[in-house]
Amino acid sequence: RGAGDAATMARDLDFDRFDGLVLIGGDGTLHECLQGLFLGAGGGGGGGEGFTPDPRVREVAIGMVPLGSGNGFACSCGAWDPDTALWAVVKNRRRPFDLTQLRQPSSGKRWLMCLDLTFGFVANLDLDTEHLRWMGHARFELGGVWQILKGRTTKADVAFVLADDGGGHGGSGGAPAEVAIEAKKEEEVVLACPLLDAIEGSARSASLFDDLPAPWTVMSPSNFQIFVVSNTPCISMGDRIAPTITVSSGSLALISTHRNSRLDNLALMDIIAKGTTHENPRVVSYREIKAFVIDPKKGKRFQYSLDGERIPNGRILAQVHPGLATAFSPIL
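Scoring rules and cut-offs
- Residues numbered from 1 in each chain as written.
- Predicted model: local features only at pLDDT ≥ 70, side-chain atom pairs only at ≥ 80, totals over all residues.
- Heavy atoms only, no water.
- Disulfide = S-S within 2.5 Å.
- Buried < 20%, exposed > 50% of the residue type's maximum accessible area, 1.4 Å probe, protein only.
- Helix = DSSP H or I, 4+ residues; strand = E, 2+ residues; numbered from the N terminus.
- Contact = heavy atoms within 4.5 Å.
- pLDDT = per-residue confidence, 0-100.
- Salt bridge = Lys/Arg side-chain N within 4 Å of Asp/Glu carboxyl O.
- Phe/Tyr/Trp six-rings, centres within 6.5 Å; stacked < 30°, edge-to-face > 60°.

Draft legend 1. How the structure looks around the state of the cysteines. For the structure on display, the rule yields zero disulfides. The thiol of Cys 77 is not disulfide-bonded; the next cysteine sulfur, from Cys 75, is found 8.7 Å away. The thiol sulfur of Cys 234 is not disulfide-bonded, and the nearest other cysteine sulfur, from Cys 75, lies at 3.8 Å. Here Cys 234 falls in the buried class, since its relative accessible area comes to 2%.

Draft legend 2. Just unusual backbone geometry, in detail. The residue after Ala 214, namely Pro 215, is reached through a cis peptide bond having omega 15°. Within the secondary structure, Pro 215 is located in the loop between α9 (208-211) and β9 (217-218). The omega torsion of the bond from Ser 220 to Pro 221 falls at -5°, within 30 degrees of zero and hence cis. Look at Asn 92: it is not a glycine, yet its phi comes out positive at around 55°. The exposure class of Asn 92 is partly exposed, given its relative accessible area of 45%. Even without being glycine, Asp 307 reaches a positive phi, approximately 55°. Considering the arrangement of structural elements, one finds Asp 307 in the loop between β14 (304-306) and β15 (309-311).

Draft legend 3. Structural detail: the environment of Leu 212. Checked against the element boundaries, Leu 212 lands in the loop between α9 and β9. It is 8.6 Å that separates the C-alpha atoms of Leu 212 and Ser 202, two residues lying ten residues apart in sequence. Aside from chain neighbours lying at most four places away, what touches Leu 212 is Ala 159, Ile 199 and Val 218.

Draft legend 4. Here's a closer look at the side chain of Gln 319. The residue Gln 319 is located in strand β16 (residues 316-328) in this model. Owing to a relative accessible area of 0%, Gln 319 belongs among the buried residues under this scheme.

Draft legend 5. Spotlight on the confidence of the model for the protein. Mean pLDDT over the protein works out to 87, with 83% of the residues at or above the 70 mark. Contacts of residues 167-181 to residues separated by more than four positions or lying in other chains number 36 contacts, the stretch itself having pLDDT below 50. Note that residues 183-187 has pLDDT below 50 and, in this model, four contacts with residues that lie over four places away or in other chains.

Draft legend 6. Quick look at the pattern of salt bridges. Tallied over the full model, the rule gives nine salt bridges. The salt bridge involving Arg 103 is made with Asp 197; its shortest N-O contact spans 3.0 Å. Taken together, the positions of Arg 103 in strand β3 (residues 94-104) and Asp 197 in helix α8 (residues 194-197) put the pair 94 residues apart, joining distant regions of the chain. For Arg 103, a relative accessible area of 17% corresponds to the buried category. Owing to a relative accessible area of 38%, Asp 197 belongs among the partly exposed residues under this scheme. If you follow the salt bridges from partner to partner, you end up with Asp 16, Asp 54 and Arg 56 in one network.

Draft legend 7. Local environment of the packing of aromatic side chains. Within this structure, the stated rule accounts for six aromatic pairs. Each ring, one from Phe 73 and one from Phe 97, has its centre 4.9 Å from the other, and the planes form 65°; the classification is edge-to-face. Here Phe 73, found in helix α3 (residues 72-76), pairs with Phe 97, found in strand β3; they are 24 residues apart in sequence, far enough to count as distant. By relative accessible area, which is 2% here, Phe 73 ends up buried. Aromatic rings pair up to connect Phe 119, Phe 224, Phe 227, Phe 302 and Tyr 304 into one cluster.

Dropping the structure here:
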């Protein structure tokens, strides 16, 4: 089907008849489906503030048959091939998975992230190789080498809340269901982000990063080569970029580098493939977090990639919702 059709079909799902969806495609197809299910978005992208999801949406299991370019979410669930993915559906193997809500004050849009948000090297190699989709996964390797040779940095102010910090929720403690989706009426729910709500008054302010309260931490310096916030251990079939998390760990992995040498960045490609990003602090910074803010610096080089899809530039505020959705998954 065409672009946006998955969002529209998911938005119009009859919850009285179906409690599962099987998607044939890649991470972009899953991204579209989730925007329709939880945010009421049609083919136009992120949802606004006026949509309230049906509470039964949390019980709708989504199965990913991996036929896209990256297939990061499918392989993070153990669905390495179509046969394994369909086996999980037939066996009704269900598990919760985390989603991360992104808010963009300048546009008034919201998105739900299932895979990752990137800028810098990874976003560029993803978005700038769209014309090479016929190459499959090899397009990412080619794009990665090209980005390393160029060696550019991308500037943005970034702040985060560590996963094990107090307040809100994360990988340890808290009551995920109470924070992820808050009861409003008997048959109506709203997504809640207490860490973001606490700074909402400053969300558009130029001095936001000067005024952030604890437990927020501002990153320094503000120039990055690689910047990835991952919701899953894998963002493609050929990597394990976030080895300390799972699709339902309740935390995100923040992986970043500033200005590395070309040799270090070539070594990083092997580190990412082997799943040792958390063991190489000289080459790459690795943190588990539960909320973050990104404010791009003005420049022609900046672009976001959200689950492999382009979204508008601008300040982003985000917080993870543990166990918000359900997947058909070979790994339980």
